[in-house]
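A look at the structure
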Amino acid sequence: FGLPGTWLILVVSFLYGYAGHFEKLGFPLLAFLAVAAVAAEGLEYLLAMAGAKRFGASRKGAIASIVGGIIGAILCAPLFFGIGALPGLFGGAFFGAFCYEWVTRRDLEHSIRSGFGAFLGRVSGTMVKLFAALAMIGTVLYALRSI
């Protein structure tokens, strides 16, 4: 997984409900959070792959952008108190697509264009996931408003 914010929101909400607050955070809300987390994760990866393909990457190049993003996020996570995962995610997506396309086609312009598409797709996917996380937090806070 890319950045695990939506999953953390789901797990913390479940644990809070389990600790005695299921009257506020019941099954319907937790089911909504689970669906939102799965949808956000899927959309993030679909947009990342679509961005790479839109700018000319092959299917395997688009997959390489996903793998590169995950590796970049993991490698850069210790930087800047964890915030390094975000530039690592975006840079890794670029370099994943770029490297695959460069190795297979040896066309620098095409490889850069594919990497740029992967970068844009990953940024847009991360923004969608951010908005989903904010919606999840808002929903939980609304449910807890009278506690």
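As shown above, the structure is provided for reference.
Notes on the structure follow. (Residues numbered from 1 in each chain as written. Predicted model: local features only at pLDDT ≥ 70, side-chain atom pairs only at ≥ 80, totals over all residues. Heavy atoms only, no water.)

What about the pattern of salt bridges?
On inspection of all chains with the given rule, the structure shows three salt bridges. The residue Glu41 makes a salt bridge to Lys129 at a minimum N-O spacing of 2.8 Å. Of the two residues, Glu41 sits in helix H2 (residues 27–54) while Lys129 sits in helix H5 (residues 108–143), which places them 88 residues apart along the sequence. Among the salt bridges present, the one from Glu44 reaches Lys129, with a minimum N-O distance of 3.1 Å. Of this pair, Glu44 sits in helix H2 while Lys129 sits in helix H5, and the two are 85 residues apart along the sequence. For the pair shown, Glu44 and Lys129 are each scored as buried. One salt-bridge network, in which partners are shared between bridges, spans Glu41, Glu44, Arg122 and Lys129. (Salt bridge = Lys/Arg side-chain N within 4 Å of Asp/Glu carboxyl O. Helix = DSSP H or I, 4+ residues; strand = E, 2+ residues; numbered from the N terminus. Buried < 20%, exposed > 50% of the residue type's maximum accessible area, 1.4 Å probe, protein only.)

Describing the packing of aromatic side chains
Counted under the stated rule, the structure contains seven aromatic pairs. Arranged with centres 5.8 Å apart and planes meeting at 80 degrees, the rings of Phe55 and Phe116 form a pair that is edge-to-face. With Phe55 in the loop between H2 and helix H3 (59–76) and Phe116 in helix H5, this pair connects stretches of sequence that are 61 residues apart. Judged by relative accessible area, Phe55 falls into the partly exposed class, the value being 23%. The interplanar angle of 25 degrees and the centroid separation of 6.4 Å between the aromatic rings of Phe116 and Phe119 together place this pair among those described as stacked. (Phe/Tyr/Trp six-rings, centres within 6.5 Å; stacked < 30°, edge-to-face > 60°.)

Concerning a nonpolar patch on the surface
A cluster of nonpolar side chains, namely Met127, Leu130, Phe131, Leu134, Ile137 and Leu141, defines an oily patch on the protein surface of about 570 Å² accessible area. Its location among the elements puts Leu141 in helix H5. Taking relative accessible area as the criterion, Leu141 reaches 55% and is therefore assigned exposed. (Patch = residues over 30% accessible without salt bridge, like charges linked within 9 Å, V, L, I, M, F, W, Y side chains within 5 Å. Areas by Shrake-Rupley, 256 points an atom, 1.4 Å probe, with all protein chains shown as cover.)

By themselves these figures say nothing about function.
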